[in-house]
Amino acid sequence: SMLVAAVKRSRLLFPLAAFSAVASVALFFESWLHVGSFCMFCEAVHVVAIALAIVAWRMPEPEPLDRKTLAGALGVPAVLLVLTHIFIPPYWVFALWTEGPPKPTGTDEDGRQWIGVEQPDFVLHEFVDYHCPHCAISSNLMKMELVDGASIQIVRRHQPRNRCTIRKPQICSSMRAAHCAGQQGKFWEMDSWLFAHVAGKGDVSARPAAEELGMDLEAFDACVDSEATWEWAAAEANAARKARVIDTPTYLIDGKKYNAKEARALVD
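Residues numbered from 1 in each chain as written. Predicted model: local features only at pLDDT ≥ 70, side-chain atom pairs only at ≥ 80, totals over all residues. Heavy atoms only, no water.

Peer 1: Could you clarify how one ought to interpret the overall build of the chain in this entry?
Peer 2: Within the chain, the regular secondary structure consists of 11 helices and 6 strands. Overall, the C-alpha framework of the chain stretches about 70 × 40 × 35 Å when taken along its three principal axes. Expressed as a percentage of its 268 residues, the buried residues of the chain come to 38%. When the accessible surface of the chain is totalled, it reaches about 15500 Å², and 60% of it is carbon and sulfur. Mean positive and mean negative side-chain charge positions of the chain (26 and 31 charges, respectively) differ by 9 Å. (Helix = DSSP H or I, 4+ residues; strand = E, 2+ residues; numbered from the N terminus. Buried < 20%, exposed > 50% of the residue type's maximum accessible area, 1.4 Å probe, protein only. Areas by Shrake-Rupley, 256 points an atom, 1.4 Å probe, with all protein chains shown as cover. Lys, Arg positive; Asp, Glu negative; His and termini not counted. Charge placed at Lys NZ, Arg CZ, Asp CG, Glu CD.)

What follows is the structure, given as structure tokens:
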């Protein structure tokens, strides 16, 4: 929209650029206050957006806004959004398995939860943080591969952003909730719920999921805050660091590290 308005030297450029600049400032504070980290590429885009708003404001003698310019500036992006909605695979629609996972599940020799086929071509140790949007997307795509018939087994591993040795209610709360759901046979149901409701957000209580899944709430609450669960969370985080897993999502296949793209290429 801004490109069309700029080419036409339209008065529409400034309000569009101003909106972009305000959104950039809002996203900066979102990254600072809620995400807790910054994407340098994103911040470069934000700087460009603010600079463009200043240039648009100082643009001499903009052309009056007419219907043709308005249609071009707003109509083209609208058409592109519609085409994107129709043709781009909806990877953002998460596989909610609240009625039960569609594939066999179990625990490996280390007591970690797995889902997939019992005799797989690949065993993927998938390291995630439930608050990580990239993890949610990657895990969802891998689950779609599983549902589509891929001969794989996914082992859930954790690499939380926070140190699980810090005893505060919000620290490592999602992975503790998943672990406690597993104690009641609802691990993968909780796993899918957490990715759908927690990724990209701040402190989100998993208790509504426990209620939705028909769990014993008293036992769930006790488990989440138990000493054994805290020790398990700390051990899982330490195991990830010992395996030198820094980024999420990361996949270990036969002890070798892969990023999400490489892991999906192997599965395909």
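So, next bit.
Peer 1: Please clarify how the side chain of Q113 should be interpreted in this entry.
Peer 2: For Q113, the position within the fold is in strand β2 (residues 113-116). What Q113 contacts, discounting residues up to four positions off in sequence, is G106, T107, I154, V155, R156, G182, F187 and W188. (Contact = heavy atoms within 4.5 Å.)

Peer 1: Is there a simple way to explain the nonpolar core in this structure?
Peer 2: Side chains of nonpolar character tend, in soluble globular proteins, to be buried together. Counting residues in hydrophobic clusters, the biggest one holds 47 residues, and the most contacted among them are L124, M142, I152, M190, L194 and F220. Of the residues forming this core, the biggest block, 7 residues, is contributed by helix α7 (residues 187-198). The residues contacting M142, other than those within four sequence positions of it, are L124, E126, I152, I154, Y251, A263, R264 and V267. The next biggest cluster of nonpolar side chains, apart from the first, holds 9 residues, and it includes A5, L13, A17 and A56. (Core = buried A, V, L, I, M, F, W, Y, C linked by side-chain atoms within 4.5 Å.)

Peer 1: Would you mind going over helix α6 (residues 173-183) with me for this structure?
Peer 2: Since the α-helix advances by 3.6 residues per turn, residues separated by three or four positions end up pointing in the same direction. Buried residues dominate α6, accounting for 10 of its 11 residues. Regarding α6, the residues found buried are S173, S174, M175, R176, A177, A178, H179, C180, A181 and G182. G185 sits one or two positions beyond α6 and adopts a positive phi of about 75°.

Peer 1: Could you clarify how one ought to interpret a nonpolar patch on the surface in this entry?
Peer 2: Together, F14, V25, F28, F29, W32, L33, F38, M40, I50, I54 and W57 make up a nonpolar patch on the protein surface, roughly 1100 Å² of accessible area in all. Those elements that place two or more of their residues in the nonpolar patch are α2 (13-35) and α3 (40-58). Within the element layout of this structure, F38 appears in the loop between α2 and α3. (Patch = residues over 30% accessible without salt bridge, like charges linked within 9 Å, V, L, I, M, F, W, Y side chains within 5 Å. Salt bridge = Lys/Arg side-chain N within 4 Å of Asp/Glu carboxyl O.)

Peer 1: When you look at the environment of W114 in this model, what are you seeing that I'm missing?
Peer 2: Here W114 shows up in strand β2. For the pair W114 and Q153, spaced 39 residues apart in the sequence, the C-alpha separation amounts to 6.5 Å. Within polar-contact distance, the side chain of W114 engages the backbone oxygen of T107 at 3.5 Å. (Polar contact = N/O pair within 3.5 Å; in protein donor to acceptor, adjacent residues only side chain to side chain.)

Peer 1: Explain the pattern of salt bridges here, please?
Peer 2: Close approach of charged atoms lets side chains of opposite charge pair. For the structure shown, the criterion picks out 10 salt bridges. Taking the shortest distance from any N to any O, the salt bridge between D225 and R176 comes out at 3.7 Å. Of this pair, D225 sits in the loop between α9 (217-224) and α10 (227-242) while R176 sits in helix α6, and the two are 49 residues apart along the sequence. Note that D221 is salt-bridged to R207, the shortest N-O span being 2.9 Å. Of the two residues, D221 sits in helix α9 while R207 sits in helix α8 (residues 207-212), which places them 14 residues apart along the sequence. We classify D221 as partly exposed; its relative accessible area is 31%. For R207, a relative accessible area of 30% puts it in the partly exposed group. Connected via shared salt-bridge partners are E126, K143, R156 and D191.

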